[in-house]
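The chain contents come next:
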Amino acid sequence: MQKLKLFTVVSLGLIFCGSNSFAQDVASQTDQNLSTISNAPSTGDTNFLLTGYAYSGFAKEGSNQGSFGPLGFSPIFLWKKSDKLFVEAEMEFGIEDGEIHLGLEYATLHYVLNKYMTLGAGKFLSPFGTFAERLHPAWINKFSDKPLGFSDEGTMVGPMGEFGVELRGGAQLGNSKINYVGYVTNGPTLVTDAPDAAGQLMYENLSDNNNNKAVGGRIGFLPFSNSSLEVGVSGQTSVVGDKGSEYENVGSKLFSTDISFVHKVSIFNMDLKGQLNNVAVDKTSYTDENGGSYTFDNNTVSIR
């Protein structure tokens, strides 16, 4: 059944600050934002920005059924405490399928160590690939749904958010540029108690199910001086089984490659993006609905 969704997206911005205003493009990368902050004049004042976006639409299924929705509002709070300290957070309010949703998309405390390194802690958008961190908001991702592998928690191929600490930055390499991020987080959890979902990974990692932490990172390379092309490689490894269970030594390895090309051709802007995710979970035995045991090669690939 085909589903057609039409979205209207509205960006909202309210600035509350003194004579030295601070503003941020919410579509920019966090490291670019923090570079702006580190170069801001030191006035002794704190600066606060309230921005965000809202969306609504109409969904039609088949030829006779249609309804308005979903509806969402995401305020984003940006607070510069000093030239070194910066806080960002996003709330999510939404209505979908008749249910009201409230969530905390991210809330991260950043500290600028130097112009090449910034330390962050809290809940942050996952730098595994680029979709979660840069492209997922409705006003950026113009498609009716998120790409396959990023839509539902039970079928996701890679994390959308992380809870832990990160170190990120970038540097100039002649006419080229490089950016990087490394992180340590609670990591995903292996599903073992649901026969129809056994072997899947759950990425909502507000609490850890073992003493092991996920370790991951991404390196991006922009070879051209105009930054029109970026190629990135991401990876993450962790133990995903519950501590004290028969699965406590089961691990996972995540790998991703991404590419972005933006170039103006005549009066048109060419914008091409792609990402490949691969998730491999160690082979182990699971219990089916009848109490029997089974195993399989637990590898998943997603391309968007």
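Thresholds applied
- Residues numbered from 1 in each chain as written.
- Predicted model: local features only at pLDDT ≥ 70, side-chain atom pairs only at ≥ 80, totals over all residues.
- Heavy atoms only, no water.
- pLDDT = per-residue confidence, 0-100.
- Contact = heavy atoms within 4.5 Å.
- Salt bridge = Lys/Arg side-chain N within 4 Å of Asp/Glu carboxyl O.
- Helix = DSSP H or I, 4+ residues; strand = E, 2+ residues; numbered from the N terminus.
- Buried < 20%, exposed > 50% of the residue type's maximum accessible area, 1.4 Å probe, protein only.
- Pairing = 2+ DSSP bridges.
- Phe/Tyr/Trp six-rings, centres within 6.5 Å; stacked < 30°, edge-to-face > 60°.

(A) Spotlight on the confidence of the model for the chain. Taken as a whole, the chain shows an average pLDDT of 82; of its residues, 80% reach a score of 70 or greater. A low-confidence stretch, residues 1–31 stays under pLDDT 50, and its non-local contacts, those more than four residues away or across chains, total 79 contacts. Confidence drops under a pLDDT of 50 for residues 33–38, and excluding neighbours within four residues, the segment shows 14 contacts in the predicted structure.

(B) Representation of the pattern of salt bridges in the model. With the rule as written, the count across this model stands at nine salt bridges. Of the charged contacts in the structure, one is a salt bridge between R168 and E133, with a shortest N-O distance of 2.5 Å. Separated by 35 residues along the polypeptide, R168 in strand β8 (residues 161–173) and E133 in helix α2 (residues 131–135) bring together distant segments of the chain. Side by side, R168 and E133 carry an identical accessibility label, which is buried.

(C) Fine view of the pairing of β8. Pairing of strand β7 (residues 117–125) with β8, which is carried by eight bridges, proceeds in the antiparallel orientation. Across the sheet, the residue bridging to F124 is E162, located in β8. Alignment of β8 against strand β9 (residues 176–185), held across ten bridges, turns out to be antiparallel. Across the sheet, A171 pairs through a bridge with I178, a residue of β9. Here β8 folds back onto β9 in antiparallel fashion, the turn holding two residues, of which G174 has a positive phi close to 65°.

(D) A look at the packing of aromatic side chains. Scanning the model with the defined rule gives seven aromatic pairs in all. Aromatic pair F124 and Y183: ring centres 6.5 Å apart, planes at 70°, arrangement edge-to-face. With F124 in strand β7 and Y183 in strand β9, the pair connects residues that are 59 residues apart, well separated along the chain. On the basis of relative accessibility, which here comes to 4%, the residue F124 falls in the buried class. Residue class for Y183 comes out buried when judged on its relative accessible area of 3%. An aromatic cluster of three or more residues is present, and its members are Y247, Y286, Y294 and F296.

(E) Here's a closer look at the pairing of strand β14 (residues 251–265). Relative to β14, strand β13 (residues 229–239) runs antiparallel, the two sharing eleven bridges. Note that in β14 the partner of V233 across the bridge is T257. In this structure, β14 lies alongside strand β15 (residues 268–281), joined through 14 bridges in antiparallel fashion. Note that in β15 the partner of F261 across the bridge is L272. The hairpin formed by β14 and β15 contains two residues between the paired strands, and S266 there has a positive phi angle of roughly 55°.

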